[in-house]
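Listed below, chain by chain, are the residues.
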Amino acid sequence: MTTIPANVSGFSGTLEDLARAIERGDADARSVSVHEVIRACFDELERSGEPGLDEVGGLLAAASVLVAAKAKALLPPEPEADEPPGASGEGEGVAEGEGEGGDDGGEDGGNSALIAHLMEYRIFKEAVEELARRDEAWRLIYLRNSFPSGPRSAPLPEGVSLSDLIQALRRVLEGIPEDEFTALPMDDLSIEEKMDTILIRLRQRGKLVFRELFDGPVITRSEVIAVFLALLELIRLAKAVVRQDAHFGEILILPAVGGSDHGV
Amino acid sequence: MEYKEARAAIEAMVFASPRPVTAREMGEILGIGPRTVDAIVDDLRREYDREGRGVQIVFVAGGYQMATRPAHADYIARLNVGTRQALSRPALETVAMIAYKQPITRAELEAIRGVRVDGVLSTLIERGLVRPVGRKKAPGRPVLYGTTPEFLRWFGLASLEDLPPIEGDAATLPGFGLRSAPRPSSRRGGVARPARG
């Protein structure tokens, strides 16, 4: 037995009275904030000093009745005993639940969204069980190393390190606004195409300054990355070399001696 | 190419590859069809099983990969090669929702789970299981998230089609449009279940 008051909007009495009223149907569990009620009870307990064991026990019992009633009011109804098996598992059960909610009036209209939400969460929980089993099983299996063993042979350079190139790339990117994209895999960017373009320009002009690679009326950040990757690939394939004649000087792209631009 | 040579070459390629290697890739290199590659891999698998070898060939993330057997997990763990931590319950729930509903925004995930998912999402991204895949055409252009190939490897799935089927036609749920996972693919052998022993 608890005498702790549970004064919430629309109700005045002890927590036990509130739980009884909800069970009798005299109070609507959906309109009661469990958090608010329990908080009020705790505050009262603190004010009353050292609470007795009976009092705390009574509070817990009444609180559990309140939580159970609230859960019952919010959760979709259990299927009827004579309902064909599997009916609720085929989606129709959800629709029925929603229909019943609709019959109860406007208040349950909002409730149907909650029911759908809970149903979806329950479905996910079941999928999660299976994924948890797989997670556990595959923890015992070591897949062959997923880390590459390192770069093979990338003869960078003539005075230019990879970090120099990346620094240069950063400077180019700083001058370009964020891409206006709606989905990442949208740009039809071809590294091969960019490689061809670089080789053609090298053939025409003999050499290129690094930032000239990114000249164009409109160039996006994605394109910059694609061009940069194309350059790295050309260097790896020994079709182009990069050179920097002085510290902080311009990085030059040159065709590799004896390199071929066929078959890129 | 002789069968024996192709078999050895396939074994070498699967061993050397740091990622799942597809039958098509190996077939193109060897000049044989992907079905022949599948048959040769099956042959290798049977041999490994018969001889009780410590490694097996599994089919994950769309390709073949060498893997150890669960029975030897304890020995490998003692090598201090780094064991993977199990995902927490919230992480499992979140990654499952992303897998079934991708692409999905953080707000949509939070609406279903009823709690904030920032921390969990960061963990999943750090582990390489989830990545941003774009932005939604909606106010604020929120980031959309999807799963990665590493997600498939993590759970030993051949593809997203091999996700555990979810109950019924959940797409009928009002307001959510949940996508049901198709039934497991009919690929011969399907997902390589971790062999016991």
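Everything numeric in this text was worked out from a predicted model, so none of it was measured. (Residues numbered from 1 in each chain as written. Chains lettered and ligands numbered in written order. Predicted model: local features only at pLDDT ≥ 70, side-chain atom pairs only at ≥ 80, totals over all residues. Heavy atoms only, no water.)

Participant: Got a minute to help me understand the overall build of chain A in this structure?
Facilitator: Helices and strands together make up the secondary structure of chain A, namely eight helices and three strands. For chain A, the α and β elements follow one another from N to C terminus as α-α-α-α-α-α-α-β-α-β-β. For chain A, buried positions account for 36% of its 264 residues. In chain A, the proportion of contacts linking residues at least 24 apart, taken out of those at least 6 apart, comes to 65%. Summed over all atoms, the accessible surface of chain A reaches about 15800 Å², with 54% contributed by carbon and sulfur. (Helix = DSSP H or I, 4+ residues; strand = E, 2+ residues; numbered from the N terminus. Buried < 20%, exposed > 50% of the residue type's maximum accessible area, 1.4 Å probe, protein only. Contact = heavy atoms within 4.5 Å. Areas by Shrake-Rupley, 256 points an atom, 1.4 Å probe, with all protein chains shown as cover.)

Participant: Is there a simple way to think about unusual backbone geometry in this case?
Facilitator: When glycine is set aside, most residues are seen to have a negative phi, and most peptide bonds are trans. Residue and element names in this part refer to chain B. Each neighbour pair has its own omega, and for Gln-102 with Pro-103 the value is -5°, a cis peptide bond. Within the element layout of this structure, Pro-103 appears in the loop between α5 (89-101) and β3 (104-105). Positioned with a positive phi, Ala-61 is a non-glycine residue whose angle comes to about 45°. If you trace the backbone, Ala-61 turns up in the loop between β1 (55-60) and β2 (63-68). Take Ala-61: its relative accessible area is 23%, and that puts it in the partly exposed class.

Participant: What exactly am I supposed to notice about the sheet that holds strand β5 (residues 143-147) of chain B here?
Facilitator: The pairing of strands in a sheet comes from backbone hydrogen bonds and takes either a parallel or an antiparallel form. All names here are of chain B. An order of β3-β5-β4 is seen for the three strands of this open sheet, with the pairing classed as antiparallel. The sheet terminates laterally at β3 and β4 (130-135), the two strands that pair on one side only. Here β4 runs beside β5; their pairing, made up of five bridges, is antiparallel. Its bridge partner being in β5, Pro-132 is matched across the sheet by Tyr-145. (Pairing = 2+ DSSP bridges.)

Participant: Sorry if this is basic, but what is going on with the packing of helix α1 (residues 15-24) of chain A against helix α3 (residues 53-74) of chain A here?
Facilitator: All names here are of chain A. Contact geometry of α1 with α3 gives a least axis separation of 9 Å together with a crossing angle of 30°. Taken as axis vectors, α1 and α3 run roughly parallel relative to one another. Classified by chirality, the crossing of α3 by α1 is left-handed. Facing Leu-15, Glu-16, Leu-18, Ala-19, Ile-22 and Glu-23 of α1, the residues of α3 in contact are Leu-59, Ala-62, Ala-63, Val-65, Leu-66 and Ala-69. (Axes fitted to C-alpha atoms, helices over the stretch in contact; angles between N-to-C directions. Parallel < 35°, antiparallel > 145°, perpendicular 65-115°, else oblique. Left-handed = near helix turned anticlockwise from the far one by under 90°.)

Participant: What is the right way to read the packing of aromatic side chains from this model?
Facilitator: Any two aromatic rings considered together are summarised by their centre-to-centre distance and by the angle between their planes. This structure, assessed with the given rule, holds four aromatic pairs over all chains. Aromatic rings pair up to connect A:Phe210, A:Phe214 and A:Phe228 into one cluster. (Phe/Tyr/Trp six-rings, centres within 6.5 Å; stacked < 30°, edge-to-face > 60°.)

Participant: Quick question: what am I supposed to make of the side chain of A:Glu212 here?
Facilitator: Residues and elements named next belong to chain A. When you line up the elements, Glu-212 lands in the loop between β1 (208-209) and α8 (221-236). We classify Glu-212 as buried; its relative accessible area is 17%. Those residues in contact with Glu-212, other than ones at most four positions away along the chain, are Arg-201 and Arg-205.

Participant: Help me out: how do you make sense of the confidence of the model for chain A in this one?
Facilitator: Keep in mind that low pLDDT regions are not for reading the predicted coordinates in detail. Residues and elements named next belong to chain A. For chain A, the mean per-residue pLDDT works out to 70, and 66% of the residues sit at or above 70. This stretch, residues 83-106, has a pLDDT under 50; its non-local contacts, to residues over four places away or in other chains, come to 17 contacts. Every residue in residues 182-187 is under pLDDT 50, and counting partners more than four places away or in other chains gives 14 contacts. (pLDDT = per-residue confidence, 0-100.)

Participant: When you look at the pattern of salt bridges in this model, what are you seeing that I'm missing?
Facilitator: Should the charged atoms of two oppositely charged side chains come close, the side chains can pair. Applying the stated criterion to the full structure yields 20 salt bridges over all chains. A salt bridge links A:Arg133 to A:Glu130; its shortest N-O distance comes to 3.0 Å. Linking A:Arg133 with A:Glu130, this pair stays in helix α5 (residues 106-139), spanning three residues, or about one helical turn. Note on A:Arg133: relative accessible area 52%, which makes it exposed. One network of salt bridges, in which partners are shared, links B:Arg7, B:Asp43, B:Arg46 and B:Glu47. (Salt bridge = Lys/Arg side-chain N within 4 Å of Asp/Glu carboxyl O.)

Participant: It is not clear to me how the pairing of β5(B) should be interpreted in this structure. Could you clarify?
Facilitator: For a regular strand, side-chain orientation follows a simple rule: the groups alternate between the two sheet faces. Residue and element names in this part refer to chain B. Burial analysis of β5 places four of its five residues in the buried class, the great majority of the element. Two strands pair when backbone bridges link them, and β3 and β5 are joined in this way by two bridges, in the antiparallel orientation. Each bridged residue has a counterpart across the sheet, and for Ile-104 the counterpart in β5 is Tyr-145.

Participant: Just to check I follow, could you spell out the sheet that holds strand β3 (residues 251-255) of chain A for this structure?
Facilitator: If you trace the three strands from one edge of the open sheet to the other, you get β1-β3-β2 (chain A), paired in antiparallel fashion. Of all strands in the sheet, those bounded by a partner on one side alone are β1 and β2 (240-244) of chain A.

Participant: Would you mind going over the packing of helix α6 (residues 162-174) of chain A against α8(A) with me for this structure?
Facilitator: What describes two packed helices is the angle between their axes and the distance between those same axes. Residues and elements named next belong to chain A. Direction vectors running N to C along α6 and α8 enclose 160°, while the axes themselves pass 11 Å from each other. One way to sum up the angle between α6 and α8 is to call them roughly antiparallel. Here α6 runs over α8; the crossing is right-handed. Only Arg-221, Val-224, Ile-225, Phe-228, Leu-231, Leu-232 and Ile-235 of α8 make contact with α6, whose side of the interface consists of Leu-162, Leu-165, Ile-166, Leu-169, Val-172 and Leu-173. In terms of residue class, the contact of α6 with α8 is made up of twelve nonpolar, no polar and one charged. (Nonpolar A, V, L, I, M, F, W, Y, C, P; charged D, E, K, R; others polar.)

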